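Topology and contacts: notes
Now for the letters of each chain:
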Amino acid sequence: MASLAEKRKVDAEEHSEDPQARPEELRLLEALLFASAEPLDQATLAKRMPEGVDVKAALAQLQADYASRGVNLVRIANKWTFRTAGDLSWLMTRESTETRRLSRAAIEMLAIIAYHQPVTRAEIEEIRGVITSKGTLDVLLETGWIRPRGRRKTPGRPLTFGTTEAFLSQFSLEALGDLPGLEELKGTGLLDSRLPSGFSVPTPSDDPALRDDEDPLEVGDLELALAPTVEPETGQEN
């Protein structure tokens, strides 16, 4: 009578991963499906298999073998293919970052909003000296670096804009106070060293509270800010 150790040895050999221990039709199906760049139907598989093989039964067996693995055999539109197990699909998900080069106008507008916030579109245009395209403002809103803050308590009640936490994160700033000052900007060449007398760089505040000259946003203000312009561009923008 065989000992317990001998029985275990026999069982281990029977369930080993030796490829020759698997039925040949399953090995052939695995090879065909793994090598194919697209799902294969049963008829196509049958043409590549030896005569007499029950392809339908073999597919069912192969599907059962892979049911608990990280890769499953699935049927899509009556075609067979291997796919990552559904409960592990998150492993295949990755964040992709779309690199978008900002125009000079957008960079100038972002800088003005960062240093002068809260600021309206008209105030941005006054500082830049040119009419601002609504499309440029939309691009900055879509990046998530700026946001509508409130409405200025002036005729027309224009939206005021400020930066967001995403802006600080993007530029590795702990606070708005970490934005480069006048001398730093001169050192980087972003400002002309021959500036007018009395020129200064504003020190922005991180206080999210509305100013005395701002009213709270109204329902739909964000959608309005992102709405496409229906008027042709007027003026020039650098």
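Scroll up for the structure.
Across all of its chains, the model carries four aromatic pairs by this definition. Judged by centre distance (4.3 Å) and plane angle (10°), the ring pair of Phe34 and Phe82 falls under stacked. With a gap of 48 residues between them, Phe34 in helix 2 (residues 24-35) and Phe82 in strand 3 (residues 79-84) connect regions that are remote in the sequence. For Phe82, a relative accessible area of 11% puts it in the buried group. Note that Arg69 overlies the ring of Tyr66, its terminal NZ or CZ placed 4.6 Å from the centroid.

With that settled, the discussion passes to the pattern of salt bridges. Within this structure, the stated rule accounts for eleven salt bridges. Note that Arg104 and Glu108 form a salt bridge whose closest N and O atoms lie 3.0 Å from each other. In this pair, Arg104 and Glu108 are both assigned in helix 5 (residues 104-116), four residues apart and thus about one turn of the helix distant. On the basis of relative accessible area, Arg104 is assigned to the exposed category, the value being 59%. Overlapping salt bridges bring together Arg151, Lys153, Arg157, Asp215 and Glu218 as one network.

With that out of the way, let us pick up a negative patch on the surface. A contiguous patch of negative charge, built from Glu174, Asp178, Asp206 and Asp207, is present on the exposed surface. Looking at the secondary structure, you find Asp178 in the loop between helix 8 (165-170) and helix 9 (182-188). Its relative accessible area of 42% is what places Asp178 among the partly exposed residues.

Quick look at the environment of Arg151 now. Relative to the helices and strands, Arg151 is located in strand 5 (residues 146-152). Accessibility expressed as a relative area gives 10% for Arg151, which makes it buried. With 66 residues separating them along the chain, Arg151 and Leu217 place their C-alpha atoms 6.2 Å apart. Among the polar contacts made by the side chain of Arg151, one reaches the main-chain carbonyl oxygen of Arg157 at a distance of 2.6 Å.

With that out of the way, let us pick up the sheet that holds strand 3. The three strands are arranged 1-3-2 in an open sheet whose pairing can be described as antiparallel. Each edge of the open sheet is held by one strand with a lone partner, namely strand 1 (40-41) and strand 2 (71-76). Pairing between strand 2 and strand 3: six bridges, direction antiparallel. What sits directly across from Ile76, in strand 3, is Lys79. Of the strands in this sheet, strand 1, strand 2 and strand 3 touch helix 2, which is tilted by about 75° from strand 3. Its contacts with the sheet place helix 4 (residues 55-65) against strand 2 and strand 3, and it is angled at close to 140° to strand 2.

What follows is about the sheet that holds strand 6 (residues 159-163). Read across the sheet, four strands follow the order 4-6-5-7 without closing on themselves; strand pairing throughout is antiparallel. On the outer flanks of this sheet lie strand 4 (119-120) and strand 7 (214-215), each paired with one strand and no other. In terms of strand pairing, strand 5 meets strand 7 through two bridges, oriented antiparallel. Across the sheet, residue Arg151 finds its bridge partner in strand 7, namely Asp215.

What counts as what
Residues numbered from 1 in each chain as written. Predicted model: local features only at pLDDT ≥ 70, side-chain atom pairs only at ≥ 80, totals over all residues. Heavy atoms only, no water. Phe/Tyr/Trp six-rings, centres within 6.5 Å; stacked < 30°, edge-to-face > 60°. Helix = DSSP H or I, 4+ residues; strand = E, 2+ residues; numbered from the N terminus. Buried < 20%, exposed > 50% of the residue type's maximum accessible area, 1.4 Å probe, protein only. Lys NZ or Arg CZ within 6 Å of the ring centre and 35° of its normal. Salt bridge = Lys/Arg side-chain N within 4 Å of Asp/Glu carboxyl O. Patch = residues over 30% accessible without salt bridge, like charges linked within 9 Å, V, L, I, M, F, W, Y side chains within 5 Å. Areas by Shrake-Rupley, 256 points an atom, 1.4 Å probe, with all protein chains shown as cover. Lys, Arg positive; Asp, Glu negative; His and termini not counted. Charge placed at Lys NZ, Arg CZ, Asp CG, Glu CD. Polar contact = N/O pair within 3.5 Å; in protein donor to acceptor, adjacent residues only side chain to side chain. Pairing = 2+ DSSP bridges. Contact = heavy atoms within 4.5 Å. Axes fitted to C-alpha atoms, helices over the stretch in contact; angles between N-to-C directions.

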